[in-house]
Amino acid sequence: MLISFNPLTSHSYLSEQSIQLIIEENKTALTKVQKGSTEHSTSLGWFDLEKSIPLDILKQINKLADYVNGISSVMIVIGIGGSNRGAMSALQVLGRNTQSPTTLYFAGDSLSNQQLLDAIDLIHSQEITLNVIAKDFNTLEPGITFRILREEMKKKYGNDYRTRIIVTGSYGSGQLYEMATKYHYHFLPFPAEIGGRFSVLSSVALFPLKVSGVDIDSMIEGAKDMREELTTTPLISNSAVMYAASRYLLLQQGIKMESLVTFEPDLKEFGRWWVQLFGESEGKTDEVLFPLSFSFSEDLHALGQWIQMGPKNVLETHLITYYDTKDTIIKDSIEKDGFDYLTNKNFKDLNTIVQKAALKAHTEEGVPSFTIETANPLNEKTLGSLYWFFLFSVYASCTIMDVNPFNQEGVELYKKNMYSSLGKQIR
Ligand code: PA5
């Protein structure tokens, strides 16, 4: 099993039987989920890796990445939400083992003038390409950032600026596609049947990752392996389905929040990706878990107290996955520092010990907890598997909750208010 789920059923909130019952009650719908054949079939492009990242697009990505690496020291990635969190999160985990002439800089995900000025400074001091990513090119933050940075690019590169722009957008429709066609920008398709937060295993994230030297083939392989496992393992022993069913049971018992806890600081952005995936997919009803993510040990010293002794309405999901690193044996020290009890221990074992210690303390205090553990160390393949695991889990979870995972009408309301304040004509 690539990823195992343990609902810690010894805990009073859950039993094996109650989890099986939820799965049994939702058997018909979950069987469809497993086949990727529900009424949401037009949003299921991510389900099939051949659709998510077809071979010809992969070739195009490789070619374009070589081109970008040949002409730029920085590629500014303009995008927001599902259009940039996938790449950001994977880069944080995998970037340490990559080599590339091109560094990524993320922009267009805020209205911070400082962030914008930093990007403009980069245009002045570095060789730049822009990758602008949007499914619907309406969102103000990336849209206006693209305009301002594009104008700076024109000043610097003259008419050649257009050869340095790579658009990842919806093929055949919308303003971004029209601009790309009219002004001859490079173009990569944002798959039609994939929404932003489900797009990490498509050109949306894989192109910038390839530019920064990530082995995207291994990521895709990891996702494919995970898909194979989750679509063939019977529902009752299927780790993602059990996870979805167990969360639902806790929700019914009054649990209000779920915190995904990670133990490698490089997974902080992954935690944010997960928060968006679950928050935007599930947050459409009163009865839903509020997703949070914490990085331990650090957050043990910020929120550990609250979790331990505050209201028992938070589910803690420990994501147990570590880099495969060399040993660091702790040596004796002449200075008496009070840490001699650690002498000769392996530093890398301490992280596991703190994970187990926190889990024990929290569960003993009555905090409902799950563990999700990868069989292999944290690397390209494992990360690919983790992405697919959570995409499938949220799909199963929303199905049990009877919520459409693929829309986000609530987000549109703030946009409407903003457009009206700024005088945009809505057609
Ligand atoms: O998951 C989603 O669909 C959203 O979070 C979008 O990614 C986000 O709103 C940005 O959309 P776009 O890139 O089309 O402007």
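Here is what the cut-offs are and how they apply
Residues numbered from 1 in each chain as written. Predicted model: local features only at pLDDT ≥ 70, side-chain atom pairs only at ≥ 80, totals over all residues. Heavy atoms only, no water. Helix = DSSP H or I, 4+ residues; strand = E, 2+ residues; numbered from the N terminus. Rg over C-alpha atoms; globule rule 2.2 N^0.38 Å. Buried < 20%, exposed > 50% of the residue type's maximum accessible area, 1.4 Å probe, protein only. Contact = heavy atoms within 4.5 Å. Areas by Shrake-Rupley, 256 points an atom, 1.4 Å probe, with all protein chains shown as cover. Lys, Arg positive; Asp, Glu negative; His and termini not counted. Charge placed at Lys NZ, Arg CZ, Asp CG, Glu CD. Near = heavy atom within 4 Å. Polar contact = N/O pair within 3.5 Å; in protein donor to acceptor, adjacent residues only side chain to side chain. Pairing = 2+ DSSP bridges. Axes fitted to C-alpha atoms, helices over the stretch in contact; angles between N-to-C directions. Salt bridge = Lys/Arg side-chain N within 4 Å of Asp/Glu carboxyl O. Phe/Tyr/Trp six-rings, centres within 6.5 Å; stacked < 30°, edge-to-face > 60°. Lys NZ or Arg CZ within 6 Å of the ring centre and 35° of its normal.

J.: Help me out: how do you make sense of the overall build of the chain in this one?
T.: Within the chain, the regular secondary structure consists of 16 helices and ten strands. Scaling as 2.2 N^0.38, a compact globule of 427 residues should have a C-alpha radius of gyration of about 22 Å, and the chain matches this with 23 Å. Structurally, the chain occupies a C-alpha span of about 65 × 65 × 45 Å along its principal axes. Looking at the chain residue by residue over its 427 residues, the buried ones come to 52%. Nonlocal contacts in the chain, meaning residues at least 24 apart in sequence, comprise 79% of its contacts between residues at least 6 apart. Accessible area of the chain: about 19,600 Å², with a carbon and sulfur share of 52%. The chain carries 39 positive and 50 negative side-chain charges, and their two centres are separated by 6 Å.

J.: Sorry, what's going on with unusual backbone geometry here?
T.: The general pattern is negative phi for most residues beyond glycine and trans for most peptide bonds. Omega for the bond connecting Phe-296 with Ser-297 falls within 30 degrees of zero, at 5°, which places this linkage in the cis form. Considering the arrangement of structural elements, one finds Ser-297 in the loop between β8 (290-295) and α13 (304-309). Here Asp-402, not a glycine, exhibits a phi torsion of approximately 60°, which is positive. The residue Asp-402 is located in the loop between α15 (380-401) and α16 (409-422) in this model.

J.: Help me understand the site of the ligand, please; the structure alone is not making it clear to me.
T.: Close contacts around the ligand come from 13 residues, with Ser-83, Asp-136, Thr-139, Gln-276 and Glu-280 the closest. Note that an oxygen atom of the ligand is positioned 2.8 Å from one of the backbone N or O atoms of Arg-197. A distance of 2.8 Å is found between an oxygen atom of the ligand and a side-chain nitrogen or oxygen belonging to Gln-276. When isolated, the ligand has an accessible area of 380 Å², and the protein chains bury 90% of it.

J.: Which parts of the structure should I look at to understand the sheet that holds strand β2 (residues 74-78)?
T.: Where strands meet in a sheet, backbone hydrogen bonds hold them as pairs that are either parallel or antiparallel. With parallel pairing, the five strands of this open sheet are ordered in space as β3-β2-β4-β5-β6. Bordering the open sheet on either side are β3 (103-107) and β6 (186-189), each of which pairs with just one other strand. Ignoring strand direction, the axes of neighbouring strands in this sheet form an average angle of 20°. In this structure, strand β5 (residues 165-169) lies alongside β6, joined through four bridges in parallel fashion. Across the sheet, the residue bridging to Ile-166 is His-186, located in β6. Along the sheet, helix α7 (residues 140-157) makes contact with β2, β3, β4 (128-134) and β5, crossing β4 at roughly 160°. Most of the contacts of helix α9 (residues 203-211) go to β2, to which it runs at about 165°, and overall it touches β2, β3, β4, β5 and β6.

J.: Would you take a moment to explain the side chain of Asn-131 for this structure?
T.: Tracing the sequence through the fold places Asn-131 in strand β4. Overall, Asn-131 belongs to the buried group, its relative accessible area being 0%. There is a polar contact of 3.0 Å between the side chain of Asn-131 and the backbone oxygen of Ile-166. A distance of 3.1 Å separates the side chain of Asn-131 from the side chain of Thr-168, its partner in a polar contact. For Asn-131, the contacting residues outside a window of four places in its chain are Met-75, Ile-76, Val-77, Ile-78, Ile-166, Thr-168, Phe-207 and Pro-208.

J.: Where do I start with the pattern of salt bridges in this structure?
T.: Opposite charge on two side chains permits pairing when their charged atoms draw close. Overall, the coordinates contain 16 salt bridges when judged by the stated rule. Its salt-bridge partner being Lys-51, residue Glu-193 comes within 3.4 Å of it at the nearest N-O pair. Here the residue Glu-193 occupies a position in the loop between β6 and α9, and Lys-51 occupies one in helix α3 (residues 49-52), the gap between them amounting to 142 residues. Residue class for Glu-193 comes out partly exposed when judged on its relative accessible area of 30%. Measuring nitrogen to oxygen at the nearest pair gives 3.0 Å for the salt bridge that ties Glu-364 to Lys-360. Taken together, the residues Glu-364 and Lys-360, both in helix α14 (residues 347-364) and four residues apart, mark about one turn of the helix. With relative accessibility at 58%, the residue Glu-364 sits in the exposed group. The structure contains a network of salt bridges with shared partners spanning Glu-221, Asp-225 and Lys-381.

J.: Looking at this structure, how should I read the packing of aromatic side chains?
T.: The way to describe two aromatic rings as a pair is by their centre distance and the angle between their planes. Counted by the stated rule, this structure contains 32 aromatic pairs. Measuring from ring centre to ring centre gives 5.8 Å for Phe-263 and Phe-296, while their planes differ by 85°; the resulting arrangement is edge-to-face. Of this pair, Phe-263 sits in the loop between β7 (257-262) and α12 (268-282) while Phe-296 sits in the loop between β8 and α13, and the two are 33 residues apart along the sequence. Its relative accessible area of 2% is what places Phe-263 among the buried residues. An aromatic cluster of three or more residues is present, and its members are Phe-5, Tyr-243, Phe-270, Trp-273, Trp-274, Phe-278, Phe-370, Tyr-387, Phe-389 and Phe-390. Sitting over the ring of Tyr-161, Lys-154 keeps its end group 5.4 Å from the ring centre. The side chain of Arg-164 reaches across the aromatic face of Tyr-157, ending 4.0 Å from its centre.

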